[in-house]
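# Summary of structural features
So the chains spell out like this:
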Amino acid sequence: MVSSSTSRNTGRRPRRVRLPRARTGLLRLLLAAVVLSAFVFVAVEGKGQGKTGKKAAAKAKAAAAAAGGTIAANTAKSGPPKSKRGNTEKTVPLRTHSLYAPYVDSDLQNRWFDFGGSTIINTNKHVRLTQDRASQAGWLWSRLALAPNSFEVEFEFRVDGKSSTLYGDGFAMWFTKARAGTGPAFGSADYWEGLGIFFDTYANSRHSYSFPRIYAIKNDGTKAYEVGKDGQSQEIGGCSLDFRRTDVTAKGRFTYFRGKFTELAIQHDKWDQWTTCFVLDGFELPANPFLGFSALTGDVSDAHDIISITTSNIAYHPPSVENSNRPPGLRGIPGKAFLSFIGRLLKWFVFLAMIAAAWIGYKNWKKTKNHKRF
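Residues numbered from 1 in each chain as written. Predicted model: local features only at pLDDT ≥ 70, side-chain atom pairs only at ≥ 80, totals over all residues. Heavy atoms only, no water.

As annotated in an unreviewed UniProt entry, the protein chain carries the name L-type lectin-like domain-containing protein and comes from Microbotryum lychnidis-dioicae. Under the heading Subcellular location (unreviewed entry), UniProt records this for the protein chain: "Membrane". (UniProt positions renumbered as here; feature names shortened; annotations may be inferred.)

Relative to the helices and strands, Arg 95 is located in the loop between strand E2 (87-93) and strand E3 (113-117). For the pair Arg 95 and Ser 312, spaced 217 residues apart in sequence, the C-alpha separation works out to 8.3 Å. Of note is the side chain of Arg 95, whose polar atom sits 2.9 Å from the backbone oxygen of Ser 98. (Helix = DSSP H or I, 4+ residues; strand = E, 2+ residues; numbered from the N terminus. Polar contact = N/O pair within 3.5 Å; in protein donor to acceptor, adjacent residues only side chain to side chain.)

Let us now look at the packing of aromatic side chains. Using the criterion set out here, one finds 21 aromatic pairs in the structure. For the ring pair Phe 155 and Phe 157, a centre distance of 5.7 Å and an interplane angle of 35 degrees mean the geometry is tilted. Look at Phe 157 and you get buried, because its relative accessible area is 1%. Clustering of aromatic rings is evident, with ring pairs tying together Phe 155, Phe 157, Phe 171, Phe 199, Phe 243 and Phe 293. The ring of Tyr 209 carries the charged tip of Arg 213 above its face, separated from the ring centre by 3.8 Å. Sitting above the plane of the Tyr 167 ring, Arg 244 keeps its charged end 3.6 Å from the centroid. (Phe/Tyr/Trp six-rings, centres within 6.5 Å; stacked < 30°, edge-to-face > 60°. Buried < 20%, exposed > 50% of the residue type's maximum accessible area, 1.4 Å probe, protein only. Lys NZ or Arg CZ within 6 Å of the ring centre and 35° of its normal.)

This part covers the state of the cysteines. Here a disulfide denotes a covalent bond joining the sulfur atom of one cysteine to the sulfur atom of another. Throughout the structure, instances matching the rule amount to 1 disulfide. Two residues share a disulfide in this structure: Cys 239 and Cys 277, whose sulfurs sit 2.0 Å from each other. In this structure the cystine formed by Cys 239 and Cys 277 twists about its S-S bond by roughly -105 degrees; its chirality is therefore left-handed. Here the residue Cys 239 occupies a position in strand E13 (residues 235-240), and Cys 277 occupies one in strand E16 (residues 275-281), the gap between them amounting to 38 residues. Neither Cys 239 nor Cys 277 differs from the other in exposure class; each is buried. (Disulfide = S-S within 2.5 Å.)

Applying the stated criterion to the full structure yields 14 salt bridges. Salt-bridge contacts for Lys 251 lead to Glu 154; the nearest nitrogen and oxygen are separated by 3.8 Å. One end of the pair, Lys 251, is in strand E14 (residues 250-257); the other, Glu 154, is in strand E7 (residues 150-160), with 97 residues separating them in the sequence. For the pair Lys 251 and Glu 154, a shared accessibility class is recorded, and that class is buried. One salt bridge in this structure joins Arg 158 and Asp 305, with 3.5 Å as the shortest N-O distance. Here Asp 305 lies in strand E18 (residues 303-317) and Arg 158 lies in strand E7, a separation of 147 residues in the sequence. You can call Asp 305 buried: its relative accessible area is 3%. (Salt bridge = Lys/Arg side-chain N within 4 Å of Asp/Glu carboxyl O.)

Written out as structure tokens, the structure reads:
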């Protein structure tokens, strides 16, 4: 006969083994540390890779600039290039390179500019480099060279004529080491040393882009302008814009920061709405260049007018790209070496925490198993 106490004992369930509170708290703490460490490690690694990518892009950009200038062209696929003009401040107006009506004094001369060729002056309206007649060439040059390393030239111009289908050839803006006379390069002499910016209205050959077109050509004084190809292989930056017969007064704005960037923007559609035509990084003009304008007509013609020229010495205050792109919470964090050290430390911490968690889990499982046996 089995006693009642024996039957009660056989019907009992095994007691639950409860871990000490200290050990349970330690386990939870280690698990939380593993999760937190993994999260921080991923964040640090992601930031490090982002900085590495930015540095690689900066190196590639510097290499392109050293090779002769990075060009951002206005194309249909990429859209207009982004302006780098940033926060500029016009500090000193340069009267020696500015021109306004009535353009000449009582002796029919200008103190700061010289003109010649087919150029005629209407004291109330404009300096007309060419009339709407065939085979004309005119020019306008500053008497003094530009001394500042950073300057901006804003000029008003007009290109118009009787014909709506056939017209040409266009006009040019010059920044060259020496003043030039009449010649085949849009009314100015060929083999120039410096930069020529051509406002071309007539295509002499077929191109993948449309006309009118604005393009820049740098010359070291040894190359002739490729008239038959419209300078296609010589172009270092350009855009296709219809600057002829505009509803508003057409304007050009040439901004130059020596060794940093050179930019040309055009107002041709609406007032105070500028379209960036091209941007050249790392570009340098010859020291102390002369400022000039010239125009040319051939079998087809147009009237090419310069209405005003405003030149200013400017200061440039570029925005801090590194600080502006960095999230507010991460500003002031030490450099890459410190972040790399923290990353390695977190790797070891995660590894050791996982081993500790596994060891504690194994010990608890073994202890629970031993209790179940008894």
